[in-house]
Amino acid sequence: MRHRFIAAGASVSLAEHLVGQAGELILALDDDGRIMAAWGQDPLSRQAAKSLVDRPVVELWPQGGAQLLAKLANPDVRDRGAFDMPLGAADEVTTVRVRVTALDGEYAGARVLFVDALQERFASASLVQHLMHQHPDYILVVNEAGELIDSNTAVVRDFAAGLAARISLDDLFTESARRQYRDQVLPALARAADWSGHSVWLSADGQRLPMQMHAVRLAREQAGGEGHIAIFARDTSAEQRVEAALRESERTLRNILDGTPVALLGLEMSGDIVSANQRAGALLGRDAGDLIGMNLHRFMDDDGFEEATFRLEYAYSEDTLERWNARVERRDGTALDVAVTVRGVIGRGGHRILLAAFEDVTDYNRLQAEITYQLDHDVLTDLLNRRGLERVLKQRGADDDMRGFVFHLNIDYFRYINELIGQSEADTVLWRIADMLRLRLRDEGAAIARVGADEFVVVRFDTDEADAREHATGLLKALEQVETPTSETALSLTGCVGYAPLGERGWLHALTAAGSACYAAKAAARGSIREYTAEEPGDSQDARTVMAAAQSVRKALSQEAVLLYAQPIYRTAGATSGQPHCFEILARFRDRDRATFPTNLLSAAERFGLMDSFDRYMVSRALEWMAEHENVVRQIDHVAINLSGNSVSDPQFQEFLACAVQDAAIEASKLCFEITETIAVRNIAQARRLMRHIGALGCRFSLDDFGAGMCSFQYLRDLPADYVKIDGSFVQGMEDDPVRHQLVRSINETAQVLGKQTVAEFVDSPAALQALADLGVDMVQGWLFSPAVPIDEIPALMERGA
């Protein structure tokens, strides 16, 4: 029989204790020596533990099994103890260490054996000893008195303690730690196998070190032997510093988040709130801490929360930045408009959450609504303006689905009414007209707009063709009932109405068609009504022509396709041989390779409100040309530039003109602005204001086409013009027509008596020139001398005249 001896060792060191806590084979035996349960494997036969269950020990180990049971019957080792003995089967016997213990629970009362092969224990003990001394934590063994029995290298290094020092725990512990060990650790170890908690130790240089400590009572080496306690300790000062730094960083971040003007919420995808800054609490009318655990649905209605849920899910799943507008309700019930921005972020523990920024845009939206309202409404009457009317019609739906009629109302002679009673009283009349329209149509769902100084548009969606004319007639009758201010002259309001159906051609066509019908009615007779129909000869074509012309003006201005032409004006004496006294700048439009006369284009531009832009363009281009041709400008008296009625009545244009004159690199006295008689009379207050304002800068003014409007000479006296241009319809043929001759004489003499110089237009024959010279007209202009030519040809024309 071969006998393999494996030496046994005493369980006196921490390393051996650690190795000893694990057995190769663990057996639970009943009172008859039969195996009830097993774990591990047999160190002798290497059989798995489960194959050993229900077998008698003497069958498992024929050699030594009976002796093992005999030892277990000994009261000294029955409950707890350790011994070495040979065990085996057949001819192979191995010395093993057997440790006896008791278990609770299912195996209470059974004898539990730990069986280990000793040679493997010694190899494991060496490895554990090595690991123990290399471990950075503190590992030490003390006796019941607290004296140091053994320790690892870390204890010796940091506390100058070892076996030779024979120091006690009192040398390592602070006063509070000593009390803790006495009052908590030892009583706990008397009741249980271990204790864990925090303690404070003293380093070799007296520094206080926070420790995470774990104490374990070791099994006694022999019955009645001295008990030892193993202490495992880890210095947590670095961890505490890191935790303190993290807490400080968290406090700093919290202060930053609480100080930001934007409300921030941490959200789950479901809308549950997991974090909130102070601004979020203020926004929602609650403490920030109270928001934690609430759901967004608490602050939103069902529709708002449904959209929020969709946005949150999309931002979470697609990792995108989501923005939308929402409405939330505060604790006090007030509603706020908010702009929400959401993005997925990584939160604590790597958990993904959604960070939502809520910005209060209530005031911004309110201001935006007010601005939009102002942009869409007439300042004087508070009715819709053209822009607002178009927006309302766009919002009504598709053109094909829109039914009803557009009524365009124009007040007769309102410019003269304005002059007669003054602007303030005239504004009152306009307000009363607007009030009449509101009152008349308050229950009709109609859109009412003021689209011009004396023009109104009504869109009725409940009117069919049979009732349209009746509604138009009703508008004029209601207009006549509008109260006017008391004045020396009795005033009655009349107007013209044009109307057109909404339909397949769209609301924009209906607006234009109703306007065209109104102008046609006005041309036919004051106080008349006209319906626009596509079958009327020329009407549809006229509307398309006007709109095309207006579009041509816009395109020409944007592409600088408006050309500057000029026609010279001569002193009557020596007109056929002398040098031009001045010249008038005129406009032509580039059409492919030729220049066209813009009569129809300018008429369309005036109807569509483009004359302000046109006049600004002409003035700017003229001043640029004059600055580039100083030599030509020095040789002439002045350059005349035409202004439209819209510009004359527009205060903003007056400011533009004043700035342009002041900034120009030429003398203001070289500029003369022409205003037609009709425009001046219709806008007499504005015309007088413009002449005085710009005239104070040194510029001059000319009344163009005088006589065409058959106005009173009183207006000629009241307007501070420097020149009067006699309308060409009187000049042409005056040498053979006594009436025209007399009219020219009257205008010339009256103007000169008032200190104004005269200019005769459309002079086309020597006979007409002679007649004008005989009457003493100061200057002449016409094809007899030169047609309008491109302005760049003026320098050559000046040279020929010289």
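About the cut-offs
Residues numbered from 1 in each chain as written. Predicted model: local features only at pLDDT ≥ 70, side-chain atom pairs only at ≥ 80, totals over all residues. Heavy atoms only, no water. Helix = DSSP H or I, 4+ residues; strand = E, 2+ residues; numbered from the N terminus. Buried < 20%, exposed > 50% of the residue type's maximum accessible area, 1.4 Å probe, protein only. Areas by Shrake-Rupley, 256 points an atom, 1.4 Å probe, with all protein chains shown as cover. Pairing = 2+ DSSP bridges. Axes fitted to C-alpha atoms, helices over the stretch in contact; angles between N-to-C directions. Contact = heavy atoms within 4.5 Å. Polar contact = N/O pair within 3.5 Å; in protein donor to acceptor, adjacent residues only side chain to side chain. Parallel < 35°, antiparallel > 145°, perpendicular 65-115°, else oblique. Left-handed = near helix turned anticlockwise from the far one by under 90°. Expected span 1.5 Å × (residues − 1). pLDDT = per-residue confidence, 0-100. Patch = residues over 30% accessible without salt bridge, like charges linked within 9 Å, V, L, I, M, F, W, Y side chains within 5 Å. Salt bridge = Lys/Arg side-chain N within 4 Å of Asp/Glu carboxyl O.

Asks: Looking at this structure, how should I read the overall build of the protein?
Replies: In terms of regular secondary structure, the protein is built from 31 helices and 31 strands. By residue count, 47% of the 802 residues in the protein fall in the buried class. Accessible surface computed for the protein: about 40,100 Å², of which carbon and sulfur atoms make up 49%.

Asks: What is the right way to read the sheet that holds strand 21 (residues 529-531) from this model?
Replies: Strands belonging to one sheet form pairs held by backbone hydrogen bonds; the direction of such a pair is parallel or antiparallel. Taken together, the 5 strands give an open sheet; going across it, the order is 18-19-17-20-21, and neighbouring strands pair in mixed fashion. Unpaired on one side and paired on the other, strand 18 (447-452) and strand 21 mark the two borders of the sheet. Averaged over all neighbouring strand pairs, the angle between strand axes comes to 20°, with direction disregarded. Contacting strand 17 (405-411), strand 18 and strand 19 (455-460), helix 16 (residues 423-440) runs over the sheet at an angle of about 5° to strand 19.

Asks: What should I look at first to understand the environment of Gln781 in this one?
Replies: With respect to the helices and strands, the residue Gln781 is situated in the loop between strand 30 (779-780) and strand 31 (789-790). Between the C-alpha atoms of Gln781 and Lys725, which are 56 residues apart in sequence, the distance is 9.6 Å. Those residues within four positions of Gln781 in sequence are excluded, and the remaining contacts are Gln567, Pro568, Ile569, Glu584, Lys725, Val759, Ala760, Glu761, Phe762 and Val763. Within the local environment of Gln781, its side chain forms a polar contact with the side chain of Gln567, the two groups lying 3.0 Å apart.

Asks: Teacher, can you tell me more about the packing of helix 16 against helix 17 (residues 465-480) here?
Replies: To describe two helices that pack against each other, one gives the angle between their axes and the distance between the axes. Between helix 16 and helix 17, the shortest axis-to-axis distance is 10 Å and the interhelical angle comes to 135°. Taken together, the axes of helix 16 and helix 17 are oblique relative to one another. By crossing handedness, the relation of helix 16 to helix 17 is classed as right-handed. Packed against helix 16, whose contacting residues are Ile433, Met436, Leu437 and Arg440, the element helix 17 presents His471, Gly474, Leu475, Ala478 and Leu479 at the interface.

Asks: Looking at this structure, how should I read helix 17?
Replies: Since the α-helix packs 3.6 residues into each turn, any two residues three or four apart lie on the same face. The terminal C-alpha atoms of helix 17, which comprises 16 residues, lie 24 Å apart, in line with the 22 Å expected from a rise of 1.5 Å per residue. Those residues of helix 17 that sit buried are Ala468, Ala472, Gly474, Leu475, Leu476, Ala478 and Leu479. In this structure, the buried residues of helix 17 make contact with strand 17, helix 16, strand 20 (495-501) and strand 21.

Asks: Would you take a moment to explain the side chain of Gln180 for this structure?
Replies: By the secondary structure assignment, Gln180 is in helix 8 (residues 175-191). Polar side-chain contacts of Gln180 include one of 3.3 Å to the side chain of Ser199. Excluding its chain neighbours within four sequence positions, the residues that come into contact with Gln180 are Val185, Trp195, His198 and Ser199.

Asks: When you look at the confidence of the model for the protein in this model, what are you seeing that I'm missing?
Replies: Predicted confidence across the protein gives a mean pLDDT of 81, with 81% of residues reaching 70 or more. Taken as a whole, residues 1-22 scores under 50 in pLDDT and shows 62 contacts with residues more than four places along the chain or in a different chain. Here residues 161-165 is modelled with pLDDT under 50, and outside its nearest four sequence neighbours on either side it reaches 10 contacts, counting other chains as well.

Asks: Even after reading the chapter, I still don't get a nonpolar patch on the surface, so can you show me in this structure?
Replies: Residues Leu367, Ile371 and Leu375 make up a contiguous nonpolar surface patch of roughly 260 Å² in combined accessible area. Among the residues examined, Leu367 registers a relative accessible area of 46% and is labelled partly exposed.

Asks: I'm lost on the environment of Gln551 in this one. Help?
Replies: Note that Gln551 resides in helix 19 (residues 539-558). Taking the C-alpha atoms as reference points, Gln551 and Leu610, 59 residues apart in sequence, are found 10.0 Å from one another.

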